[in-house]
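So the chains spell out like this:
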Amino acid sequence: MKRGTLVAAAWWAVSAGLAVRPAGAQPLAYVSNEWANEITVIDVATKTAVATIPVGKRPRGLGLSPDGHHLYTALGSEDAIAIVDTAERKVIGKIPAGSDPEMFALSPDGSRIYASNEDANSASAIDVRARRVIASVPVGIEPEGVAVSPDGKWIYVTSESTHTVSVIQNRPFKVVATLLVASRPRETAFTPDGSRAYVTAEIGGAISVIDVRKKAVIGTIRLEREGARPKGVVVHPNGKRAYVSTGSGNEVAVIDTETDRVLTYIPVGRRPWGLALTRDGRFLLTANGVSEDVSIIDTEAGRVVATVAAGKGAWGVVVGP
Amino acid sequence: MKPRGHRHPETQAGALSRRRFLFGGLSAGLLADRPGRADLRIALLNPPGPLAPSILRGAKMGITEADSLAQMFGKRIELALPSVPGPERLASVASDLLKGGVTVLVGGGDEPAAEVLREVAREGRALFLNVGSVSDRMRMERCDRHTFHLHASLQMYVGAAGFWLVEEKKLRRWAVLTESDEVRRAVIALAEARGATLVEDALAVSGTSDWRPPLERLRAAAPEALWLGLRAGDVPGFLQQYAQAGLAGELVGLTPDAVGLPKLDGAALSGVWPLMWHHTLEKYSARDLNSRHRRRFAEPLDGASWSSWAAFKLVGEALLRAGTTPQAILEYFESDPPFDGHKGRPLTFRKRDHQLRQPMYLAQASKAPPGESDASPVEVIAEVPRGDLDAIFLPPRDEGCSI
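What you see is a predicted model, and the numbers here were worked out from it, not measured in a lab.

Here is what the cut-offs are and how they apply
- Residues numbered from 1 in each chain as written.
- Chains lettered and ligands numbered in written order.
- Predicted model: local features only at pLDDT ≥ 70, side-chain atom pairs only at ≥ 80, totals over all residues.
- Helix = DSSP H or I, 4+ residues; strand = E, 2+ residues; numbered from the N terminus.
- Buried ≥ 20, exposed ≤ 12 C-beta atoms within 10 Å, placed from the backbone.
- Contact = placed C-beta atoms within 7 Å.
- Pairing = 2+ DSSP bridges.
- pLDDT = per-residue confidence, 0-100.
- Arc of directions from axis to C-beta.
- Axes fitted to C-alpha atoms, helices over the stretch in contact; angles between N-to-C directions.
- Parallel < 35°, antiparallel > 145°, perpendicular 65-115°, else oblique.
- Left-handed = near helix turned anticlockwise from the far one by under 90°.
- Nonpolar A, V, L, I, M, F, W, Y, C, P; charged D, E, K, R; others polar.

When you look at the overall build of chain B in this model, what are you seeing that I'm missing?
Scanning chain B for helices and strands turns up 12 helices and 14 strands. Across the 403 residues of chain B, 51% fall into the buried class. Considering only intrachain contacts with a sequence separation of at least 6, the fraction spanning at least 24 residues in chain B is 69%.

Next up, the structure:
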């Protein structure tokens, strides 16, 4: 396997909340419960909740270290990102993360966290080992979603109020382009080959398609669905499908990345926001904030095969080893 | 890096320190001497009035954010803040601004000012964005294609409360107490549209201290709900006597803005008050918007501030997505772009009258202990409507506007 392919594979594992899974272990999913101040741990194989982990006040954004040993979650009411030991299932430290942190992304090697700072209208690079901010750049107003490209070179930060995506170069850490996308952009997902990025726009009811190399918006996919408010987005490991949670639409939109058209909508729980895929892409999980549960979708069958109770205000989800 | 939120708040009397406000107070003529410096010039015409301070704060925040966005794409928006000592000078100042290259006029703190600006914009083929007048006449028989209304109409205030009375409270026997013909017409029209019965239509005499005559009529009519369209100064006395009279009807108070809410504590304030924004809203990033405003001005964001902020934000987006000419911006607004006003839903202009569709909020006396209500006598109890935003409008009438 070429080095580039290895890097891409490692990136996908990290961005999809995966890591190297020890032999014999079951994949576990971690769900942040915004108003319960805890993480629900779900065994994806048995489709049952197996533990809860108290983490601190208002956990939302999630990330996993490449080795799966550490789970990170943004604590909005503590101005910190909590570090959870996934084996011990307890918080082992907290990283200062500015006012009201919501979303962040890990670099492919897990050494850095890239976070948006909503009150300061900036994005920061945090050294995980040193637990401190090492660089910061101004972005648009109300920065929100953060995503890292498969090769780790680009960090995309959405800004909700200015409807922009700031394209940040990793080293040196600086904004190299700003793209105008549909109204109130929330999250971004890259295709596994890194050629495209899909950006959800909640008020625009659309997904902006970005050509990563050209740093340009090349298309807009509108969700012609009453009440659809696109929020979470993930791309299947085979690169052929993108999945978008529609918030108050209570569905997941399935997009053909070849044609950039919506193929179908899958009904899930109420107000799905966070999304995560299992490593093989077989199962898609949605964190449903109002119904306080997780829908598990069989991506081949295109339907929900299980619903697992989570906590109050289920917000984000990642899938581990 | 110093976070933006750490700057000292700007008070109402504070200096306009940012460069983009250097034109504040300059005449339109001086602005005309600086051609080619901005991609878009927009003017706030804000004569003295109850809403003027709120409108100014919203404009300052809006232009900062709109220009910040424009600069990301190598463009600039410039705000002109001419001095408008009174309504009699408004038309000439506005006309001079258009001659000087301004293409969008923002203002309309009351109906007369809004009428003047609508007319100037129409004649000059510019745009007027109304951020203060609730006048239904402006949206109906006096509508114009070059005028867009960011501020909610009286019909929307009445419609929001009426929706709540009928759909939530199931109250259909209404009375109205007001000296305003426009309020009376709106309530009567809504009663007809919603299947309610108006059992008493009492005329209020502004400045009175004795409310016994209308209260006796209300007692006899026994409405389930009373619409109150009084001047702010008359409200405290009426509420006190209404409570003493022991009448049971649900009170619905109408005020053009939170600015007009009677200055009463929770114990003395009764009834439900429809508002278009409130500084305690949190959902849909309302908290972020409220927080930005409070950090900058040390004042709560109210409805007029919201309208004004929204006007500049919309124009800033139009500049990038459509162009700089009035016609391009007009056509953009008419193309149903989903505007994000931090109200959780895409907001669009109605084609028939250019009124921005938006959810309204119902507030009542705050139940928080004194000192914990964030300087607000009220708290929001409902967002109306939850579904179709057209549900708070009246059915179109023959004499209505059709742009």
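Right, picking up where we left off after that structure.
For this particular structure, what's the right way to read the pairing of strand S1 (residues 28-33) of chain A?
For a regular strand, side-chain orientation follows a simple rule: the groups alternate between the two sheet faces. Residues and elements named next belong to chain A. The buried fraction of S1 is high, at six of six residues. Burial along S1 is two-sided: Leu28, Tyr30 and Ser32 and Ala29, Val31 and Asn33, pointing in opposite directions, are all buried. By the bridge criterion, six bridges tie S1 to strand S2 (residues 38-43) in an arrangement that is antiparallel. Paired with Asn33 across the strands is Glu38, a residue of S2.

I would appreciate a short explanation of the confidence of the model for chain A in the present structure.
Interpretation of this model should avoid reading the predicted coordinates in detail wherever pLDDT is low. For chain A, per-residue confidence averages 92 on the pLDDT scale, and residues scoring 70 or more make up 92% of the total. Throughout residues 9-24 of chain A the model reports pLDDT below 50, and contacts reaching past four residues in sequence, or to other chains, amount to 45 contacts.

Is there a simple way to think about helix H3 (residues 90-99) of chain B in this case?
The α-helix winds at 3.6 residues per turn, so residues separated by three or four positions along the chain end up facing the same way. Those residues of H3 of chain B not exposed but buried are Leu90, Val93, Ala94, Leu97 and Leu98 of chain B. Viewed along the axis of H3 of chain B, the buried residues span an arc of 135°, placing them on a single side of the element.

What should I look at first to understand the packing of helix H6 (residues 154-168) of chain B against helix H7 (residues 181-194) of chain B in this one?
When two helices pack together, their arrangement is captured by the angle between the axes and the distance separating the axes. Residues and elements named next belong to chain B. Contact geometry for H6 and H7: axes closest at 10 Å, N-to-C directions at 40°. The angle between H6 and H7 falls in the class oblique. Where H6 crosses over H7, the two elements pack in a sense that is right-handed. Contacts from Leu154, Gln155, Val158, Gly159, Gly162 and Val166 of H6 reach H7 at Glu182, Val183, Ala186, Val187, Leu190 and Arg194. Across the contact of H6 with H7, the residue classes break down as seven nonpolar, three polar and two charged.

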